[in-house]
Amino acid sequence: MTDHSTVLTFPDGFLWGAATAAHQVEGNNLNTDWWVREHAPGTDLAEASGDAADSYHRYPEDIALLAELGFGSYRFSIEWARIEPEEGVFSAAELLHYRAMVETCLAYGLEPVVTLHHFTHPRWFVDAGGWHSPRAVDLFTRYVEHALPVLGDDVRWVCTINEPNILSMTYRGTRGAELAAATLPAPDPQVSEALVAAHRAARLVLAAETDAATGWSVATQAFQPLPGYEDATREYRRAREDLFLEAAVGDDYIGVQAYLRTFLGPHGPVPVPDDIERTQTGWEFFPEALGVGVRHAWDLTQGTPVLVTENGIATDDDDRRIAYTIGALAGLRAAMDDGVDVRGYLHWSALDNYEWGSYAPGSGWSGGTRRRSSARRSRAVGGSARSRGPAG
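Parameters at a glance
- Residues numbered from 1 in each chain as written.
- Predicted model: local features only at pLDDT ≥ 70, side-chain atom pairs only at ≥ 80, totals over all residues.
- Heavy atoms only, no water.
- Pairing = 2+ DSSP bridges.
- Helix = DSSP H or I, 4+ residues; strand = E, 2+ residues; numbered from the N terminus.
- Buried < 20%, exposed > 50% of the residue type's maximum accessible area, 1.4 Å probe, protein only.
- Polar contact = N/O pair within 3.5 Å; in protein donor to acceptor, adjacent residues only side chain to side chain.

Draft legend 1. Structural context of the sheet that holds strand β8 (residues 262-265). With mixed pairing, 3 strands are arranged side by side in an open sheet as β6-β8-β9. What marks the edges here is a single partner per strand, and that holds for β6 (223-225) and β9 (268-269). Pairing of β6 with β8 involves 3 bridges; the strand directions are parallel. In the sheet register, F223 faces β8, and the bridge partner there is T262.

Draft legend 2. Here's a closer look at the side chain of S349. Mapped onto the elements of the fold, S349 is located in the loop between β11 (342-348) and α14 (374-378). You can call S349 buried: its relative accessible area is 1%. One polar contact links the side chain of S349 to the main-chain carbonyl oxygen of L351, over a distance of 2.6 Å. Within the structure, S349 has its side chain in polar contact with the side chain of N353 (distance 3.1 Å).

Draft legend 3. Quick peek at the pairing of strand β1 (residues 15-19). Taken across its 5 residues, β1 has 4 buried, putting it largely inside the fold. With 5 bridges connecting them, β1 and β11 associate as parallel partners. Residue pairing across strands places A18 opposite H347, the latter belonging to β11. Where β1 meets strand β2 (residues 73-77), 3 bridges bridge the pair, whose relative direction is parallel. Within β2, the residue paired with G17 across the bridge is S73.

By themselves these figures say nothing about function.
Pasting the structure below:
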């Protein structure tokens, strides 16, 4: 057994919580591009999302369980495709639904952390050209304006876009196996530019209409060069991570999502050696990735406060899960001791979920989970589910 006696202290007011994404837990998210992909003839995905964890209907139970487990916050996303199912048509019922989620969090003493965009898009947006369209930023900004009633005057944390760096890398249909191998294809420059512009436009809307702290979350990879490949690693990391961190300079916070490190050699990412402990996603067991990611984000954003918006491990061994989490938090605490301003830690994930292609560990973008929420099943957040790499 691993020694779990490590004691770490964090400041009063530090935000402790767990996170989910709408498409991965709600179920029956019919109007999204991902639902289309799941049901397309000859789809490359192993499994459709279906009912997922049915959190669209069962969110009161999910939130109550998080409160019972002692958490202080819940990060969840609202679904653009539900709120604007057809271009220019906005659903008052869906806005009320997500507002009810906010109010349920508050009733249970949980700080809602609301993500406005978590990978999925309305069908009509994609049909109109998606992030390649010259209208993309305006369309996203209009959605944000219409989503303001969800936030009200009592949501204090808003994430505009989840992992824009991964979204840019995968927007052209990257298959799960490529991400699971951490090959990280080159981002689409046009998509990257549009996402940065959309983030900045959304922040202007939010700053004018709310008092919420706003930022976006970036998947950090703890890139590490093999000897002689330092310059190549910096170049590789630039388009896949640094560009998006630098775009957060001046934001209220930067969200950091960290799970693994990636070694770079002459041909890009180097596979994990066979004799290294791996997670169910095939990644190296490396809890130190969080500390590395937080420090890098702090440096690149010129001292922007950090919120850990995702961190965790894919495993069915809770002893290793605890060891990983303690190791990650130790690295986080060390960064804070060195002056990094960290405001909170949100574990991935609150519920077992659909992992972008499958419910089976290792077969989605970065491994999947079982259908039922781990909180519902085992009363322990994370349960036997994974906590994935950059795709949650």
